[in-house]
Amino acid sequence: MTTFADPNDIRARFCRAMSEMYRQEVPLYGDLVDLVETTNAAAIAADPALRTRLEATDGLERISEERHGAIRLGTAEELHTMCRLFVVMGMHPVGYYDLSVAGIPVHSTAFRPVDADALKHSPFRVFTSLLRSELISDPELRAEAEAILADRDIFTPLARQLIDKHEAEGGLSLEDAERFIEEALETFRWHADARVSASTYQRLHDAHRLVADVVSFRGPHINHLTPRTLDIDQVQADMPARGITPKAVIEGPPPRQCPVLLRQTSFKALEEEIAFAGDDTRGKHTARFGEIEQRGIALTRKGRALYDELLDRARGLAQPKADGSNAGDYMRALSDVFRPLPDDYAQLRDQGMAFFHYSPTGKPLDNRTGVTIDELIASGHVRFDPIVYEDFLPVSAAGIFQSNLGDNAAADRLAHSNQAAFEAALGRPVKDEFALYGDIEQKSLANTRAALGLA
Ligand code: OOG
Ligand code: NI
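Notes on the structure follow.

Quick notes on the rules
Residues numbered from 1 in each chain as written. Chains lettered and ligands numbered in written order. Predicted model: local features only at pLDDT ≥ 70, side-chain atom pairs only at ≥ 80, totals over all residues. Heavy atoms only, no water. Helix = DSSP H or I, 4+ residues; strand = E, 2+ residues; numbered from the N terminus. Rg over C-alpha atoms; globule rule 2.2 N^0.38 Å. Contact = heavy atoms within 4.5 Å. Areas by Shrake-Rupley, 256 points an atom, 1.4 Å probe, with all protein chains shown as cover. Lys, Arg positive; Asp, Glu negative; His and termini not counted. Charge placed at Lys NZ, Arg CZ, Asp CG, Glu CD. Near = heavy atom within 4 Å. Polar contact = N/O pair within 3.5 Å; in protein donor to acceptor, adjacent residues only side chain to side chain. Donors = N, O, S within 2.8 Å, 3.2 Å for Na, K, Ca; no water. Buried < 20%, exposed > 50% of the residue type's maximum accessible area, 1.4 Å probe, protein only. Pairing = 2+ DSSP bridges. Axes fitted to C-alpha atoms, helices over the stretch in contact; angles between N-to-C directions. Left-handed = near helix turned anticlockwise from the far one by under 90°. Nonpolar A, V, L, I, M, F, W, Y, C, P; charged D, E, K, R; others polar. Parallel < 35°, antiparallel > 145°, perpendicular 65-115°, else oblique. Salt bridge = Lys/Arg side-chain N within 4 Å of Asp/Glu carboxyl O. Phe/Tyr/Trp six-rings, centres within 6.5 Å; stacked < 30°, edge-to-face > 60°. Lys NZ or Arg CZ within 6 Å of the ring centre and 35° of its normal.

## Re the overall build of the protein
Here is step 1 of the chain: Looking only at helices and strands, the protein features 18 helices and eleven strands.
Here is step 2 of the chain: Relative to a compact globule of 455 residues, whose C-alpha radius of gyration would be 23 Å, the protein shows 23 Å and is just as compact.
Here is step 3 of the chain: Projected onto the principal axes, the alpha-carbon positions of the protein cover approximately 80 × 65 × 40 Å.
Here is step 4 of the chain: Taking the intrachain contacts of the protein between residues at least 6 apart in sequence as the baseline, contacts between residues at least 24 apart amount to 75%.
Here is step 5 of the chain: Accessible surface, the protein as shown: approximately 19,500 Å² in total, 50% of it carbon and sulfur.
Here is step 6 of the chain: Within the protein, one finds 51 positive and 70 negative side-chain charges whose respective centroids are separated by 3 Å.

## A closer look at the site of ligand 1
Here is step 1 of the chain: The environment of ligand 1 is formed by 13 residues, the closest being His68, Arg72, Asn223, His224 and Gln264.
Here is step 2 of the chain: Residue His224 places a side-chain N or O atom 2.9 Å away from an oxygen atom belonging to ligand 1.
Here is step 3 of the chain: At 3.0 Å from an oxygen atom of ligand 1 is found a side-chain nitrogen or oxygen belonging to Glu291.
Here is step 4 of the chain: Burial of ligand 1 by the surrounding chains reaches 100%, relative to a free accessible area of 310 Å².

## A word on the coordination of the nickel ion (ligand 2)
Here is step 1 of the chain: Donor atoms from the polypeptide that coordinate the nickel ion (ligand 2) comprise His68 (NE2), His224 (NE2) and Glu291 (OE), at 2.0 to 2.1 Å from the metal.
Here is step 2 of the chain: Each donor residue of the nickel ion (ligand 2) belongs to the same chain, and together they define the spacing H-x155-H-x66-E. With a gap of 156 residues between them, His68 in strand E1 (residues 66-73) and His224 in strand E5 (residues 224-227) connect regions that are remote in the sequence.
Here is step 3 of the chain: The class for His68 is buried, based on a relative accessible area of 1%.

## Some details on the sheet that holds strand E2 (residues 92-98)
Here is step 1 of the chain: Taken in spatial order, the five strands line up as E2-E3-E4-E1-E5 in an open sheet, and their pairing is mixed. At either end of the open sheet lies a strand with only one pairing partner, and these are E2 and E5. Taking each pair of neighbouring strands and ignoring which way they run, the sheet shows an average axis angle of 20°.
Here is step 2 of the chain: Contacts from helix H17 (residues 419-426) reach E2, strand E3 (106-112) and strand E4 (125-131), with the element oriented near 50° to E3.

## Things to note about the packing of helix H12 (residues 301-317) against helix H13 (residues 327-337)
For any two helices packed against each other, one specifies the inter-axial angle together with the distance between the axes.
Here is step 1 of the chain: The interhelical angle for the contact between H12 and H13, taken along N-to-C directions, is 145°, at an axis separation of 9 Å. Crossing handedness for the pair H12 and H13: right-handed. When H12 is examined against H13, the residues Leu310, Leu311, Arg313, Ala314, Arg315 and Leu317 are found in contact with a partner set consisting of Tyr330, Ala333, Leu334 and Val337.
Here is step 2 of the chain: Here the residues of the contact of H12 with H13 are counted per class, giving eight nonpolar, no polar and two charged.

## As for the packing of helix H7 (residues 157-169) against helix H8 (residues 174-187)
Here is step 1 of the chain: It is the contact of H7 with H8, at a shortest axis distance of 9 Å, that shows an interaxial angle of 135°. When the interaxial angle is binned, H7 and H8 end up oblique. As for how H7 packs across H8, the hand of that crossing is left-handed. Within the contact between the two elements, H7 uses Leu158, Ala159, Leu162, Ile163 and Lys165 and H8 uses Asp176, Arg179, Phe180 and Glu183.

## Examining the pattern of salt bridges
Here is step 1 of the chain: Evaluation of the coordinates by the stated rule reveals 38 salt bridges.
Here is step 2 of the chain: The salt bridge involving Asp164 is made with Arg84; its shortest N-O contact spans 2.7 Å. Taken together, the residues span a long stretch of sequence, with Asp164 in helix H7 and Arg84 in helix H4 (residues 76-88) at a distance of 80 residues.
Here is step 3 of the chain: Since its relative accessible area comes to 42%, Asp164 is described here as partly exposed.
Here is step 4 of the chain: Across the pair Asp193 and Arg218 runs a salt bridge, and its minimum N-O distance is 3.0 Å. With Asp193 in the loop between H8 and helix H9 (198-207) and Arg218 in the loop between helix H10 (209-215) and E5, this residue pair connects regions lying 25 residues apart in the sequence.
Here is step 5 of the chain: For Arg218, a relative accessible area of 39% translates into the label partly exposed.

## Looking at unusual backbone geometry
Here is step 1 of the chain: Look at Leu261: it is not a glycine, yet its phi comes out positive at around 50°.
Here is step 2 of the chain: Counting through the fold element by element, Leu261 comes out in the loop between helix H11 (232-238) and strand E6 (262-267).
Here is step 3 of the chain: Exposure remark for Leu261: the relative accessible area of 1% places this residue in the buried category.

## Concerning the packing of aromatic side chains
Here is step 1 of the chain: For the structure on display, the rule yields 16 aromatic pairs.
Here is step 2 of the chain: For the ring pair Tyr96 and Phe422, a centre distance of 5.6 Å and an interplane angle of 65° mean the geometry is edge-to-face. Here the residue Tyr96 occupies a position in strand E2, and Phe422 occupies one in helix H17, the gap between them amounting to 326 residues. We note that Tyr96, like Phe422, is buried.
Here is step 3 of the chain: Through a chain of ring-to-ring contacts, three or more aromatic side chains come together here, namely Phe14, Phe86, Phe111 and Phe188.
Here is step 4 of the chain: The cationic tip of Arg295 hangs over the ring face of Phe392; the distance from NZ or CZ to the ring centre is 5.5 Å.
Here is step 5 of the chain: Over the face of the ring belonging to Phe384 we find Arg349, whose NZ or CZ atom lies 5.1 Å from the ring centre.

## Overview of the pairing of E3
Here is step 1 of the chain: By the criterion of burial, E3 is predominantly enclosed, with seven of the seven residues buried.
Here is step 2 of the chain: Of the two faces of E3, both are covered, the one formed by Val106, Ser108, Ala110 and Arg112 as well as the one formed by His107, Thr109 and Phe111.
Here is step 3 of the chain: The pairing of E2 with E3 spans five bridges and is classified as antiparallel. Directly across from Pro93, in E3, lies its bridge partner Phe111.
Here is step 4 of the chain: The pairing of E3 with E4 spans six bridges and is antiparallel. Of the residues in E4, the one forming a bridge with Thr109 is Thr128.

Quick look at the structure:
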């Protein structure tokens, strides 16, 4: 019997291979990673409690490793096959993000590990968008774009074979897994030679910069990678001194004692030289950038509804401008407006706003009848720790897209969301993020009760 490679290992190694490749392709990204590593080391050195916590939960070794990347696909078939490819690495589609509300003609999901062990092994995920070609308003251009896309195969023949083999046999041998990583990586590689002529590129670009990015090339080049930072405000502040131009504001919630959800910021996409098909004209394309993220606790539907409401209110007070001129006003509005969301884990728990992982403290329990979890916490038998948010935020994602597509990208609402069409392309429903966090929480409760000898 052959032993199959562990999908968690395949994912971790794929993530490292992709990081290597992207640093070579986009040297400025390597500079960002250096800055993140320096800042993380300083944050750990300055805070012994943080150090102890990270040692216990994450290990210090891989703190600054990439937590996510993003790609943009052109067709339903590409999305379907990409889903099968990610499943080989233990990544499953979670959530539906409609970016058309922000004037961006795509909808998206996140391919990611779902259970607690897999997340711990390697949390790497890929924010994956599908072009909604129906939102290209000129019917002739739409037909042309669809024909161009129908005529490419973004996967290597061997990658396709290995995906089939994985499905047929239920896994890949260590050797096949090695080859799979190399072949899968090819799909994410940058190609500076466009498949379209300069004039086609221009027409696609005029429809939407994103349309040109999706349609013009041989594959869905990885457009950014995102390491984890322990101090996003510091990295944002230090970017310019390293010759890195950050986007105007950090997306997501304000800085807090008890961080919630996801904060993220990026550097502006680079202008890169490309060659067009058919003649020897050259042009410029902006698509690729670097991003950083800092995650906090996952919110329940109730907590999330409050988050959405508060974010809306803050953006009503100070819509962040692309040139950064009102960044200070926006950050102040954000901090003011977010006061109703308790900045305290116990209160977040009492109010049912967030998800927690429960565990026994080790204190022996003698009275074994009718004890509730709240009583066990009060008596010091059970502790609760935040469950980290593993997903994305649509308003933040729109901000990241916009800052990297040129900040004057249209912001009008384009269309209604169409989750059904997305799932039809994918070939399966996306998983519900709230249900996944709820499961992790419930399992930890059951394990805790069992460990304490309670039914
Ligand atoms: C994806 C942008 C969204 C995030 O972190 O929210 C994203 C893209 O630009 O393709 O990666
Ligand atoms: Ni991102």
